[in-house]
Amino acid sequence: MPMPPPLRRIALTAHVSTSVGWFGAVAAFLAVAVAGLATGDTDRAHGLYVAADVMTWAVIVPLAGASLGSGPGRTARSWLRSSSGALTRSTAVRAYASKF
């Protein structure tokens, strides 16, 4: 049963918002990781890596889950949707698996 247009619009807005937020959080994570690699100070590098770990678990993984959960049901319609969903799933699974 298809969703009514107002509900579909809300779902699409939630999906796009969480997906863009996830992308921005990953970009911020990469900036912090590069800063940690580039610094010569071990205390600063340790602090940056702790911040990157917190960013991963407090921002990136929840946004990845929200992006997957709010996505359209028919993801196999185009190669772009399929590949972005697969990328999000693999990233979330790898982040979760690396914790244990």
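Residues numbered from 1 in each chain as written. Predicted model: local features only at pLDDT ≥ 70, side-chain atom pairs only at ≥ 80, totals over all residues. Heavy atoms only, no water.

Visitor: An account of the side chain of Ser67 is requested, with residue identities and associated values reported.
Guide: One can find Ser67 in helix H2 (residues 42-69). Polar side-chain contacts of Ser67 include one of 2.8 Å to the side chain of Ser19. (Helix = DSSP H or I, 4+ residues; strand = E, 2+ residues; numbered from the N terminus. Polar contact = N/O pair within 3.5 Å; in protein donor to acceptor, adjacent residues only side chain to side chain.)

Visitor: Requested: an account of a nonpolar patch on the surface, with residues and values cited.
Guide: A surface patch of nonpolar side chains, about 270 Å² in accessible area, is lined by Leu12, Val16 and Val20. Following the sequence through the fold, Val20 ends up in helix H1 (residues 5-38). Residue classification places Val20 among the exposed positions, given a relative accessible area of 56%. (Patch = residues over 30% accessible without salt bridge, like charges linked within 9 Å, V, L, I, M, F, W, Y side chains within 5 Å. Areas by Shrake-Rupley, 256 points an atom, 1.4 Å probe, with all protein chains shown as cover. Salt bridge = Lys/Arg side-chain N within 4 Å of Asp/Glu carboxyl O. Buried < 20%, exposed > 50% of the residue type's maximum accessible area, 1.4 Å probe, protein only.)

Visitor: Provide a residue-level description of the side chain of Thr56, including the pertinent values.
Guide: For Thr56, the location among the structural elements is in helix H2. Taking relative accessible area as the criterion, Thr56 reaches 14% and is therefore assigned buried. Contact partners of Thr56, with chain neighbours within four places excluded, come to Phe29, Val61, Pro62 and Ala95. (Contact = heavy atoms within 4.5 Å.)

Visitor: Mind laying out H2, listing which residues take part and the relevant values?
Guide: Residue pairs three or four apart in sequence face the same way in an α-helix, which turns once every 3.6 residues. Its 28 residues give H2 an end-to-end C-alpha distance of 39 Å, which sits within 8% of 40 Å, the value for a rise of 1.5 Å per residue. Where H2 bends most, at Thr56, the angle is about 40°. Taken together, the buried positions of H2 are occupied by Ala45, Ala52, Met55, Thr56, Ile60, Val61, Ala64 and Ser67. Of the residues flanking the start of H2, the one acting as N-cap is Asp41, its side-chain oxygen 3.4 Å from the backbone nitrogen of Asp43. (Expected span 1.5 Å × (residues − 1). Bend = angle between axes of the 7 residues up to and from the residue.)

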